[in-house]
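# Topology and contacts: notes
Below are the chains, spelled out letter by letter.
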Amino acid sequence: MFVCACTTVHVRDCSDFKVEMYHYNELTDMDITFIKKAIKHNFPSLHPAQTQDDAAPVTVSVYMESQCPDSARFVTEQLYPAWLHLRDILALDINFYGKAQDEPSPGGYAFTCQHGPEECKGNMMLTCAKKYIPCEDRYMAFVNCVMRERAGVGAGYMCAQEAGISYQEIATCSNSFEGQRLLHEVGEKQRRLNVLVSYVPLIFIDGIFSVDLIDAAEANFGKLVCETYRGPKPDSCSFYEFFVQL
């Protein structure tokens, strides 16, 4: 059970925003937004006034690796472009861990990653970014930039500038016990899924995992989201070979 002292709605319009920081037992605003949307999807009886026009968004959880070519391809060619069109019907939960492993070490945790130590550093940086970039638009822009550049932490500062955010807190977190703890917690979260991680990215659509869903997401993620959404299709779904309900 997640217990939060308070919640805030995640900021979508980032042109002029103020963020007040709270402690949520280490839940970020994006975590809380995702949980709210997931509750709305999985417990519709809690929303008796919900109509077809107010259908729950499609919940998508993705587990990736910062140096994985397949992860980079999925983010830059499928996830990010589709999110730009369909963000209003999507609840995203992005995680970086994949085929990594970790174990306790003096002062924190030691990580081993599929593509080497630089991937571990990149995973940690992106995990810290999830906590310290409060605006979803800018977080997604940062993730897309890092995965596009394929340079891990080497792209951090440049991508922060591109996304219009400060890199200082992310860098401090990435080089501290905090970053190790946050990445370890992502690993624990992934392990609780009880799914054999034989391929990355690992993708869950509305809590469902299957090889067919991964194939569909990597082929045309936007179309999959539009097909899964239970409400009237937004105009942007026409871009993904859908007829718009008038």
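A brief structural summary. This one's a predicted model, so the numbers in the text were calculated from it and none came from an experiment.

A separate point is the packing of helix H3 (residues 117-132) against helix H4 (residues 136-149). Contact pair H3 / H4: the axes reach a minimum separation of 10 Å and the direction vectors enclose 170 degrees. Looking at the two axes, H3 sits roughly antiparallel to H4. When H3 is examined against H4, the residues Met125, Leu126, Ala129 and Lys130 are found in contact with a partner set consisting of Tyr139, Phe142, Val143, Val146 and Met147. Of the residues assigned to the contact of H3 with H4, the class counts are 8 nonpolar, no polar and 1 charged.

Tallied over the entire structure, the rule returns 4 disulfides. The disulfide partner of cysteine 113 is cysteine 120, and the S-S distance across this bridge is 2.1 Å. Judged by the sign of its S-S torsion, about 125 degrees, the cystine formed by cysteine 113 and cysteine 120 is right-handed. The burial state of cysteine 113 is the same as that of cysteine 120; both residues are buried. Here cysteine 145 pairs with cysteine 159 through a disulfide, and the sulfurs are 2.1 Å apart. Sign of the S-S torsion, about -75 degrees for the bond between cysteine 145 and cysteine 159, identifies this disulfide as left-handed.

The next subject is helix H5 (residues 156-163). Buried within H5 we find Gly156, Cys159, Ala160 and Ala163. When H5 is viewed along its axis, its buried side chains cluster within an angular range of 105 degrees and face the same direction. Exposed and oriented more than 90 degrees from the buried face of H5 are Tyr157 and Gln161. Packing partners of the buried residues in H5 comprise H3 and H4. In the stretch just after H5, glycine 164 is the one whose phi turns positive, near 75 degrees.

So, about the pairing of strand E1 (residues 58-64). With 7 of 7 residues buried, E1 lies mostly within the body of the structure. What you see with E1 is no split at all: Val58, Val60, Val62 and Met64 on one side and Thr59, Ser61 and Tyr63 on the other are buried throughout. Looking at chain direction, E1 and strand E2 (residues 90-96) are connected through 7 bridges and run parallel. The residue of E2 that forms the bridge with valine 62 is isoleucine 94. Tracing the backbone out of E1, into helix H2 (residues 69-86) and back to the parallel element E2 gives a crossover that is right-handed. Examined bridge by bridge, E1 and strand E5 (residues 202-205) share 4 bridges and lie antiparallel to one another.

Moving on, we get to the nonpolar core. Core analysis: the biggest nonpolar cluster contains 60 residues, and Val60, Phe142, Ile170 and Phe221 have the highest contact counts within it. Apart from residues no more than four positions distant in its own chain, phenylalanine 142 is found in contact with Met125, Leu126, Ala129, Ile133, Gly156, Cys159, Ala160, Ala163, Ile165, Tyr167 and Ile170. Listed in part, the 6 residues of the second largest apolar core include Tyr63, Val197, Val200 and Phe204.

What counts and what doesn't
Residues numbered from 1 in each chain as written. Predicted model: local features only at pLDDT ≥ 70, side-chain atom pairs only at ≥ 80, totals over all residues. Heavy atoms only, no water. Axes fitted to C-alpha atoms, helices over the stretch in contact; angles between N-to-C directions. Helix = DSSP H or I, 4+ residues; strand = E, 2+ residues; numbered from the N terminus. Parallel < 35°, antiparallel > 145°, perpendicular 65-115°, else oblique. Contact = heavy atoms within 4.5 Å. Nonpolar A, V, L, I, M, F, W, Y, C, P; charged D, E, K, R; others polar. Disulfide = S-S within 2.5 Å. Buried < 20%, exposed > 50% of the residue type's maximum accessible area, 1.4 Å probe, protein only. Arc of directions from axis to C-beta. Pairing = 2+ DSSP bridges. Right-handed = clockwise from strand over helix to strand, strands pointing away. Core = buried A, V, L, I, M, F, W, Y, C linked by side-chain atoms within 4.5 Å.

Distances and angles like these do not, on their own, reveal function.
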